[in-house]
Amino acid sequence: MAQKFFITTAIDYPSGKPHLGHLYEKVCADSIARWHRLKGEKVHFSTGLDEHGAKIRCKAKEAGKNPQAFVDEMSKHFIGLCKLYGISYDDFIRTTEKRHLRSVLGIFERLEKKGDVYKGAYEGLYCVECETYYLAKDLEKGKCPTHGTLPQNVKEESYFFAMSKYREKLIGHIRKNPEFIRPEERRNEILSRLKEPLQDLSISRTSFDWGFKLPNEPSHVFYVWLDALANYLTTSGYPDTKYKKLWPALHIIGKDIIWHHCVIWPCVLLSAGIELPKSVFAHGFIRTESGEKMSKSKGEVIDPIALAEKYPIDATRYFLLREVPFGEDGNFSEAALKTRMNSELANDLGNLLNRTIVMLNKYRAGKVPKGETDRKLRKALALPKIGKHMKNLEPHNALAEIFRFVAAANAYINEKEPWKKDGKELDNILYSLADSLRIISILLSAFMPSTSEKINSQIGVKSALFKDTKFNLLKPGTKTGKSEILFRKAE
Ligand code: MSP
């Protein structure tokens, strides 16, 4: 049976239109999901929207809409963005869906049965932007450390989850499982924060009503993070037992929400008696040129839908994946995007394809000749390294390695000077190039799916799987397609 692979992204607040930071996470998770499909695994990739809570209610009010109509409208932008950028999700979950209510109630019931829920009153600080409770000591100059805004003073009746009970168990799990929180810097950050006592968590709110109601307590709605985190179980089919076929997942999230994913979520699961996530990987932030985290509340954002009118989808995908080491922060600028697009995509990859197809058309009437791929070229492809990088969640390194092979193929042309050759020797050179491009296209399909399709149609092959990255599998006689420019250089 095919191995299964379950990957999730965070679910976005549809409080405004999506920006490049939201897209970044989806592109990275998408490439990892596509990579595993390429390896023949059975993948479940989920993404979606976090539609309840005070923040959404407030934005809907500002827009003069009821919250449901507001999120229905906003959801179109997020779904449209996914379609535009080729995000190959298997499930797009919206937390206002009925199936999700069943899941939230199912989890709550388990916490209650365990005796981990009690009634009280919450009095303290709350940041609506990140929907998070804060202790005064965790603020920066009295402001939310993520948003730089003043938190609200909240006082309301609330149900609590006895999270403090699970501190030691959680620490034990993190220590025993080095892959549970990645990268290591984030793991250390969580372990260091867990040195202090853990507070119980307020899991219901009574000062507004935009959320699922607690059973038998209609004046209480679930705290939006409890509701949101449960999405990972909903998408796997919870509360029906079939969820066990998929669960546990690899969660891809941003570094601003590691507390919720690496502390709150595992404590809830420990209480509910459900297996903990396989791994939580926290990526860094896409920053604007001024070095600020791209965020609606901070003002400066890049609209990825508008960006797609100026640059090919795959150029932006490539830039995001290649420029930013996964796990670290990275700056976005159009100048840097253009530089990579012009040199690596148009020059290196585009010219390799163009030269190969033009020569096949000119010297061999558009047919792949009988031949064998050059040994030196074969040795230049470090497949195990590429696989290892993807296993370690380093798409930037995998791409760098694939492009090292692209460079080797270009150097091979320059060294062999096919225009000076003929006969069997020319056959072998042209075969080597077309066969190498076929393999490059398979590998790139995880990162730049439509570019891979374009390469395939020019060489005359169909999309294939990782197992087909062996050399000399290209059929002699394959009819090449029309030579077309892969990436046009931008001024
Ligand atoms: N709704 C919560 C997540 C709930 S998951 C159970 C949330 N939403 S968000 O819209 O604020 O952020 C969604 C994801 O986008 C998060 O993982 C966040 O880190 C990521 N990003 C938002 N801005 C970002 C950048 N500027 N750069 C990279 N990722 C960023 O948090």
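Up top you'll find the structure we're talking about.
Since this is a predicted model, take the numbers as computed values, not measurements.

About the criteria used
Residues numbered from 1 in each chain as written. Predicted model: local features only at pLDDT ≥ 70, side-chain atom pairs only at ≥ 80, totals over all residues. Heavy atoms only, no water. Helix = DSSP H or I, 4+ residues; strand = E, 2+ residues; numbered from the N terminus. Rg over C-alpha atoms; globule rule 2.2 N^0.38 Å. Buried < 20%, exposed > 50% of the residue type's maximum accessible area, 1.4 Å probe, protein only. Contact = heavy atoms within 4.5 Å. Areas by Shrake-Rupley, 256 points an atom, 1.4 Å probe, with all protein chains shown as cover. Arc of directions from axis to C-beta. Salt bridge = Lys/Arg side-chain N within 4 Å of Asp/Glu carboxyl O. Lys, Arg positive; Asp, Glu negative; His and termini not counted. Near = heavy atom within 4 Å. Polar contact = N/O pair within 3.5 Å; in protein donor to acceptor, adjacent residues only side chain to side chain. Core = buried A, V, L, I, M, F, W, Y, C linked by side-chain atoms within 4.5 Å. Axes fitted to C-alpha atoms, helices over the stretch in contact; angles between N-to-C directions. Parallel < 35°, antiparallel > 145°, perpendicular 65-115°, else oblique. Left-handed = near helix turned anticlockwise from the far one by under 90°. Nonpolar A, V, L, I, M, F, W, Y, C, P; charged D, E, K, R; others polar. Pairing = 2+ DSSP bridges.

## Considering the overall build of the chain
Thinking step 1. Tallying secondary structure elements over the chain gives 17 helices and 15 strands in all.
Thinking step 2. Over its C-alpha atoms the chain spans a radius of gyration of 25 Å, differing by no more than 12% from the 23 Å that the globule rule assigns to 491 residues.
Thinking step 3. In terms of its C-alpha atoms, the chain occupies a principal-axis envelope of roughly 85 × 45 × 40 Å.
Thinking step 4. Within the span of the chain, comprising 491 residues, buried residues form 57% of the whole.
Thinking step 5. Sequence separation of 24 or more characterises 77% of the internal contacts of the chain that already satisfy a separation of 6 or more.
Thinking step 6. For the chain, the accessible surface area stands at approximately 21400 Å², while carbon and sulfur atoms represent 50% of it.

## What to know about helix α5 (residues 167–176)
Thinking step 1. Every buried residue of α5 is accounted for by Arg167, Leu170, Ile171 and Ile174. Seen end-on, α5 carries its buried residues on one side only, within an arc spanning 100°. Residues Glu168, Lys169 and Lys176 are exposed on α5 and point more than 90 degrees away from its buried face.
Thinking step 2. Where α5 is buried, its residues contact β7 (181–182), α6 (184–193) and α9 (258–272).

## Structural notes on the pattern of salt bridges
Thinking step 1. Following the criterion strictly, the structure yields 37 salt bridges and no others.
Thinking step 2. Lys26 is the salt-bridge partner of Asp12, the closest N and O atoms lying 2.7 Å from each other. Residue Asp12 is located in the loop between β1 (4–9) and α1 (20–38), and its partner Lys26 is located in helix α1; the two are separated by 14 residues in the primary sequence. This pair shows no difference in class: Asp12 is buried, exactly as Lys26 is.
Thinking step 3. Each of Asp30, Arg34 and Arg317 takes part in a single network of salt bridges with overlapping partners.

## As for the side chain of Asp50
Thinking step 1. Tracing the backbone shows Asp50 in the loop between β2 (42–49) and α2 (54–62).
Thinking step 2. Buried charge without a partner: Asp50 forms no salt bridge, and the closest opposite charge is Lys55, 8.7 Å away.
Thinking step 3. The residues touching Asp50, leaving out its near neighbours within four places in the chain, are Ile11, Asp12, Tyr13, Pro14, Ile56, Thr95, Val224 and Ala228.

## Quick notes on the site of the ligand
Thinking step 1. Within the structure, the ligand sits among 25 residues, and Ile11, Glu25, Asp50, Asp256 and Ile286 are positioned closest to it.
Thinking step 2. The separation between a nitrogen atom of the ligand and a polar main-chain atom of Ile11 is 2.8 Å.
Thinking step 3. Within the contact set of the ligand, an oxygen atom lies 2.9 Å away from a backbone nitrogen or oxygen of Gly254.
Thinking step 4. Contact with the protein chains hides 96% of the accessible area of the ligand, taken as 660 Å² for the molecule alone.
Thinking step 5. Put simply, the parts of the chain that give the shell around the ligand at least two residues each are α1, α7 (224–229), α8 (231–234) and β12 (250–254).

## Here's the deal with the nonpolar core
Side chains that are nonpolar tend, in soluble globular proteins, to be buried together.
Thinking step 1. Formed by 85 residues in total, the largest nonpolar core has its most connected members in Ile7, Ile252, Leu349, Phe403, Phe447 and Met448.
Thinking step 2. Looking at which element gives the most residues to this core, the answer is helix α16 (residues 423–444), with 12 residues.
Thinking step 3. If near-sequence neighbours (up to four positions away) are discounted, Met448 is found in contact with Asp314, Tyr318, Leu345, Leu349, Phe403 and Phe487.
Thinking step 4. In this structure, Ile56, Ile203, Leu229 and Ala249 belong to the second largest nonpolar core, which totals 71 residues.

## Considering the packing of helix α12 (residues 334–364) against α16
Thinking step 1. One way to put it is that α12 packs onto α16 with a least axis distance of 10 Å and a crossing angle of 140°. Relative to α16, the element α12 lies oblique. Two packed elements cross with a definite hand, and for α12 against α16 that hand is left-handed. The segment α12 lies against α16, with Leu349, Leu352, Leu353, Thr356, Met359, Leu360, Tyr363 and Arg364 engaging Gly423, Leu426, Asp427, Leu430, Leu433, Ala434, Leu437, Ile440 and Leu444.
Thinking step 2. Split into classes, the residues belonging to the contact of α12 with α16 amount to 13 nonpolar, two polar and two charged.

## Section: the environment of Pro395
Thinking step 1. Residue position: Pro395 is located in helix α15 (residues 395–416).
Thinking step 2. Separated by 366 residues in the primary sequence, Pro395 and Ala29 have C-alpha atoms spaced 9.9 Å apart.
Thinking step 3. Excluding residues that lie within four positions of it along the chain, Pro395 makes contacts with Leu321, Phe326, Met390 and Phe447.

## Focus: the sheet that holds strand β8 (residues 201–202)
Thinking step 1. On the basis of which strands lie adjacent, the open sheet formed by four strands has the order β5-β4-β6-β8 and antiparallel pairing. The sheet is open, and its two edges are formed by β5 (132–134) and β8, each paired on a single side.
Thinking step 2. Sheet topology places strand β4 (residues 117–127) next to strand β6 (residues 152–161); 10 bridges connect them, and they run antiparallel. When the bridges of β6 are listed, Tyr118 appears paired with Phe160.

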